[in-house]
Amino acid sequence: MYQVIKSQYDTGTALTHTGYGHDIRRDLWPKFHWDLYPIVNDYYHELNPYYVYNLYSFDMLETSKAITVRDGFLQFAAFLVTNLQKIPEADQHFLIHPALTPIVPPHLRKYFSAWKISQPKKLPLKDAKKVIIFGLVGETYLGEIEGMAAKLSPLKEASPETLFELYLPIRKEPFLTNHRESVMHYQLLDVIKDVLPGRKFKFINNEDFFEIGHFGSTYFFDLADDLSIVADNYLHFHVASRGGAVNLFSTEVPKDSYFDLALSFNHQLHVCPLPTVGSIFMELLLYSKRSSVKDLTLDNIFHTLVREQLKKHP
């Protein structure tokens, strides 16, 4: 396993490398990928960060022998159920977020390791001169509005002089095939004002955000409820690489890391063994055998099943 990862690191080949950009059929990617901009933007490192839901052909895996899986647990679960037989044939090593481990079939664990990200010198929230509150406004990303006040409560530690910017793109739910009206954006603003009374807020959009050249003294506060949509958010990489702090990054370097990779001067990726947990894969596989839905990524019943099963293996 270590030699496979080391070999991949030494070659530096990756689907996200500029040399492969013209060969990838982006028109074959699922529509929800484009709905999730910018959190799913590509970036390069030697261990080939990629979304497996964009692997429209397993031949693409010949580009490298190790891939850092960026998918959330909904897409990852659909990928494993659909490609159960192909994974041993591809002989690929997948690096996944440890929270996705219960989805891995027990007999295929040897093809998987866990990745973790650390930011040892992360700026404390109390020292931040600016806080950017981010979230794709929708229940799939933010969770239920009833839990939002507790999620925002750490921001009370910010200095009275701290500037607050709200980066809250309003999107449709990514996996719904029909439109559903929502007032969550109004509710969210009410909660933010209640939790942080007397604060002044500046609204920013994608263009404003990407015009920021340096994030020193900035604390990026992601409101993501869980890892259902994305396990590796591009915005976290973007901020940390430019000197900012990310609330969801740990300051602790994992003790069980057997391979480290500096993603920037400000944060690191660590490859670790999978945690020892039970597997929910058989329940997902049995459902897929009974279901007539062709694309499990868009199946709300499958989503509910994945969430319920994961609650049994926190």
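What counts, and where the lines are drawn
- Residues numbered from 1 in each chain as written.
- Predicted model: local features only at pLDDT ≥ 70, side-chain atom pairs only at ≥ 80, totals over all residues.
- Heavy atoms only, no water.
- Helix = DSSP H or I, 4+ residues; strand = E, 2+ residues; numbered from the N terminus.
- Rg over C-alpha atoms; globule rule 2.2 N^0.38 Å.
- Buried < 20%, exposed > 50% of the residue type's maximum accessible area, 1.4 Å probe, protein only.
- Lys, Arg positive; Asp, Glu negative; His and termini not counted.
- Charge placed at Lys NZ, Arg CZ, Asp CG, Glu CD.
- 1 Å grid on protein atoms, 1.4 Å probe; cavity = no way out; pocket = protein on both sides within 12 Å on 5 of 7 lines; lining within 4 Å.
- Points joined across faces, edges and corners; volume = space filled by probe spheres on them.
- Nonpolar A, V, L, I, M, F, W, Y, C, P; charged D, E, K, R; others polar.
- Polar contact = N/O pair within 3.5 Å; in protein donor to acceptor, adjacent residues only side chain to side chain.
- Axes fitted to C-alpha atoms, helices over the stretch in contact; angles between N-to-C directions.
- Parallel < 35°, antiparallel > 145°, perpendicular 65-115°, else oblique.
- Left-handed = near helix turned anticlockwise from the far one by under 90°.
- Contact = heavy atoms within 4.5 Å.
- Pairing = 2+ DSSP bridges.
- Core = buried A, V, L, I, M, F, W, Y, C linked by side-chain atoms within 4.5 Å.
- Phe/Tyr/Trp six-rings, centres within 6.5 Å; stacked < 30°, edge-to-face > 60°.
- Expected span 1.5 Å × (residues − 1).
- Arc of directions from axis to C-beta.

Student: Is there a simple way to explain the overall build of the chain in this structure?
Tutor: Across its full length, the chain carries 11 helices and 11 strands. Expected size for 314 residues packed as a compact globule is a radius of gyration near 20 Å; at 20 Å, the chain falls within 12% of this value. Projected onto its principal axes, the C-alpha coordinates of the chain cover approximately 60 × 45 × 40 Å. Counting all 314 residues of the chain, 54% fall into the buried class. Side chains of the chain carry 32 positive and 36 negative charges; the gap between the two charge centres is 2 Å.

Student: How do you make sense of empty space enclosed by the protein when you look at a structure like this?
Tutor: One simple way to see leftover space: roll a probe sized like a water molecule over the atoms. Overall, the coordinates contain one cavity of 30 Å³ or more when judged by the stated rule. Each pocket or cavity is described by its volume, and for the largest cavity that value is around 70 Å³. Classifying every residue of the lining of the largest cavity gives six nonpolar, two polar and four charged.

Student: Just checking my understanding: could you explain the side chain of R70 for this structure?
Tutor: Relative to the helices and strands, R70 is located in the loop between β2 (66–69) and α3 (73–82). Looking at R70, its side chain comes within polar contact range of the main-chain oxygen of N41, at 2.7 Å.

Student: Please clarify how the packing of helix α10 (residues 281–290) against helix α11 (residues 300–311) should be interpreted in this entry.
Tutor: The geometry of a pair of packed helices is captured by two quantities: the angle between their axes and the separation between those axes. The geometry of α10 relative to α11 is characterised by a closest axis approach of 10 Å and an angle of 165° between their N-to-C directions. Between α10 and α11, the crossing angle belongs to the class labelled roughly antiparallel. Two packed elements cross with a definite hand, and for α10 against α11 that hand is right-handed. In this structure, α10 uses E283, L284 and Y287 to contact α11, whose residues at the interface are I301, F302, L305, V306 and Q309.

Student: Please clarify how the sheet that holds strand β1 (residues 49–50) should be interpreted in this entry.
Tutor: Across a sheet, paired strands are connected by hydrogen bonds in the backbone, their directions being either parallel or antiparallel. Read from one edge to the other, the open sheet built from six strands follows the order β1-β2-β3-β4-β11-β10, with strand pairing classed as mixed. If you trace the sheet from one side to the other, it starts and ends with β1 and β10 (259–262), each paired once. Note: β2 against strand β3 (residues 93–96), three bridges, orientation parallel. For I67, the partnering residue across the bridge sits in β3 and is F94. Its contacts with the sheet place helix α1 (residues 2–11) against β2, β3, β10 and β11 (268–272), and it is angled at close to 20° to β10.

Student: Can you walk me through the sheet that holds strand β5 (residues 130–134) in this structure?
Tutor: The strand order across the open sheet formed by five strands is β7-β6-β5-β8-β9, and the pairing between neighbours is parallel. Since the sheet does not close on itself, it has two edges, and those belong to β7 (201–203) and β9 (245–246), each with one partner. Note: strand β6 (residues 163–167) against β7, three bridges, orientation parallel. Paired with F164 across the two strands is F201, which belongs to β7.

Student: I tried to follow the packing of α3 against α11 on my own but got confused; where do I start?
Tutor: Viewed as axis vectors pointing N to C, α3 and α11 meet at an angle of 105°, and their least axial separation amounts to 10 Å. By the angle between their directions, the pair α3 and α11 is classed as roughly perpendicular. Where α3 approaches α11, its residues F73, L74, A77, A78 and V81 are matched on the opposing element by F302, H303, V306, R307 and L310. When the residues that make up the contact of α3 with α11 are grouped by side-chain class, the tally is eight nonpolar, one polar and one charged.

Student: What's the story with the layout of surface pockets in this structure? I'm lost.
Tutor: By volume, the largest pocket amounts to about 780 Å³. Surrounding the largest pocket, 26 residues form its lining, F73, D225, D226, H303 and R307 being those nearest its centre. Looking at the lining of the largest pocket, the elements with two or more residues in it are α3, α5 (139–142) and α11. Element by element, the count of residues in the lining of the largest pocket is highest for α11, at six residues. Taken together, the residues that form the lining of the largest pocket break down as 12 nonpolar, six polar and eight charged.

Student: Is there a simple way to think about the nonpolar core in this case?
Tutor: Burial of nonpolar side chains together is a common tendency in soluble globular proteins. Formed by 105 residues in total, the largest nonpolar core has its most connected members in I39, F94, F112 and L152. When residues in this core are grouped by element, the largest group, eight residues, is from α3. When residues no more than four places from it in sequence are discounted, the contact partners of F94 are V52, L61, I67, V69, F79, I87, Y111, F112 and S113.

Student: Where do I start with the packing of aromatic side chains in this structure?
Tutor: To describe a pair of aromatic rings, one takes the distance between the centres and the angle between the planes. This structure, assessed with the given rule, holds 24 aromatic pairs. Geometrically, the ring pair formed by Y167 and F209 is stacked, given 4.8 Å between the ring centres and 20° between the ring planes. Of the two residues, Y167 sits in strand β6 while F209 sits in helix α8 (residues 206–210), which places them 42 residues apart along the sequence. Given the relative accessible area of 0%, F209 is considered buried. Counting every residue linked through ring pairs, the aromatic cluster contains Y43, F134, Y141, Y167, F209, F210, F215, F220, Y234 and F237.

Student: Explanation requested: α11 in the structure shown.
Tutor: The first and last C-alpha atoms of α11 sit 17 Å apart over 12 residues, in line with the 16 Å expected at 1.5 Å per residue. Every buried residue of α11 is accounted for by F302, H303, L305, V306, Q309 and L310. Projected down its long axis, α11 carries its buried residues within an arc of 160°, all on one side. More than 90 degrees from the buried face of α11, the exposed residues found are I301 and K311. Residues of α11 that are buried sit in contact with α3 and α10. The backbone nitrogen of I301 lies 3.0 Å from a side-chain oxygen of the residue at the head of α11, namely D299.

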